[in-house]
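Read off the chains here:
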Amino acid sequence: MSLIKIFLNELEQEAISTRKMLEIVPNDKYDWQPHPKSMTIRALATHVAEIPGWIEHGIKNEGLDFAVMPYNPKVINNTKDLLAYYDECVVKGKSVLVDANESKLNGRWVMRNGDVVLMDLSKAEVIRHSLNQLIHHRAQLGVFLRLLDIPIPGMYGPSADELGK
């Protein structure tokens, strides 16, 4: 099996779980944050939603330079718009996970801020990093929601909430 097919299968599975988590973000808690040093739910949920789109960027580009293209996240204020944005980013990520791009996976992708190199990865590593970030920040969002006493859906099996514990 090709790496592209492995990544596509993984993205499809993680996309289902991630959507379940994003669906339960309450509209009245977008400004909430558990600590002054933490992101707001708006910032974190938007970040989770955008991550699948990184896969497209990683395949189609040679890198990202924040000195040239500053990071300006989309501002989302409700869960309906959050889910629409997420679905759009998942489509972008899936769109490049095609057999024709298998040969591009050894190419390099560099994230920098001007002269400072932040990451220098193969394109395959960019995809892996994106999937890891999706899982990491989705779990972080789960903690935020748990602190608000919102029942959490299972990701890889039933959650304690689903089991009635």
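A. Spotlight on the overall build of the chain. In terms of helices and strands, the chain carries four helices and three strands. Overall, the C-alpha framework of the chain stretches about 45 × 40 × 25 Å when taken along its three principal axes. Here the chain, with 165 residues, has 42% of them falling under the buried criterion. For the chain, the proportion of contacts with a sequence separation of at least 24, taken over those separated by at least 6, is 74%. Surface accessibility of the chain: about 9000 Å² in total, with carbon and sulfur atoms responsible for 56%. In the chain, which carries 19 positive and 21 negative side-chain charges, the distance between the mean positions of the two groups comes to 1 Å.

B. Structural view of the nonpolar core. Counting residues in each nonpolar core, the largest one holds 25 residues, and the members touching the most others are Leu22, Val25, Leu82, Leu141 and Leu145. Of all the secondary-structure elements, those providing two or more residues to this core are helix 1 (3–23), helix 2 (41–60), helix 3 (79–95) and helix 4 (123–147). In this view, Leu82 contacts Leu22, Val25, Tyr30, Ala45, Thr46, Ala49 and Ile76; residues no more than four positions away in its chain are not counted. Within the second largest apolar cluster, eleven residues are counted, among which are Ile59, Leu97, Ala124 and Leu131.

C. Spotlight on the sheet that holds strand 3 (residues 116–122). Strand order in this open sheet of three strands is 1-2-3, and the pairing throughout is mixed. Looking at the sheet topology across the chains shown, the edges are occupied by strand 1 (63–65) and strand 3. Neighbour-to-neighbour, the strand axes of the sheet open up by a mean angle of 10°, direction not taken into account. Bridging between strand 1 and strand 2 (residues 108–113) involves three bridges; their strand directions are parallel. Considered in strand 2, the bridge of Gly63 is made with Val110.

D. View of the environment of Val143. Looking at where Val143 falls in the secondary structure, it is placed in helix 4. A C-alpha to C-alpha distance of 9.4 Å links Val143 and Pro34, two positions 109 residues apart in sequence.

E. Molecular detail of unusual backbone geometry. Positive phi outside glycine occurs at Asp149, with the angle close to 65°. For Asp149, the location among the structural elements is in the segment after helix 4. Judged by its relative accessible area of 65%, Asp149 is exposed.

F. Fine view of the environment of Ala124. Mapped onto the elements, Ala124 comes out in helix 4. According to the relative accessible area criterion, Ala124 is buried, its value standing at 14%. Note: C-alpha distance between Ala124 and Leu3 (121 residues apart in sequence) is 7.9 Å. Once residues lying within four places of it in the same chain are set aside, the contact partners of Ala124 are Leu3, Phe7 and Leu105.

Cut-offs used in this document
Residues numbered from 1 in each chain as written. Predicted model: local features only at pLDDT ≥ 70, side-chain atom pairs only at ≥ 80, totals over all residues. Heavy atoms only, no water. Helix = DSSP H or I, 4+ residues; strand = E, 2+ residues; numbered from the N terminus. Buried < 20%, exposed > 50% of the residue type's maximum accessible area, 1.4 Å probe, protein only. Contact = heavy atoms within 4.5 Å. Areas by Shrake-Rupley, 256 points an atom, 1.4 Å probe, with all protein chains shown as cover. Lys, Arg positive; Asp, Glu negative; His and termini not counted. Charge placed at Lys NZ, Arg CZ, Asp CG, Glu CD. Core = buried A, V, L, I, M, F, W, Y, C linked by side-chain atoms within 4.5 Å. Pairing = 2+ DSSP bridges. Axes fitted to C-alpha atoms, helices over the stretch in contact; angles between N-to-C directions.

These results come straight from atomic positions and should not be treated as a statement about function.
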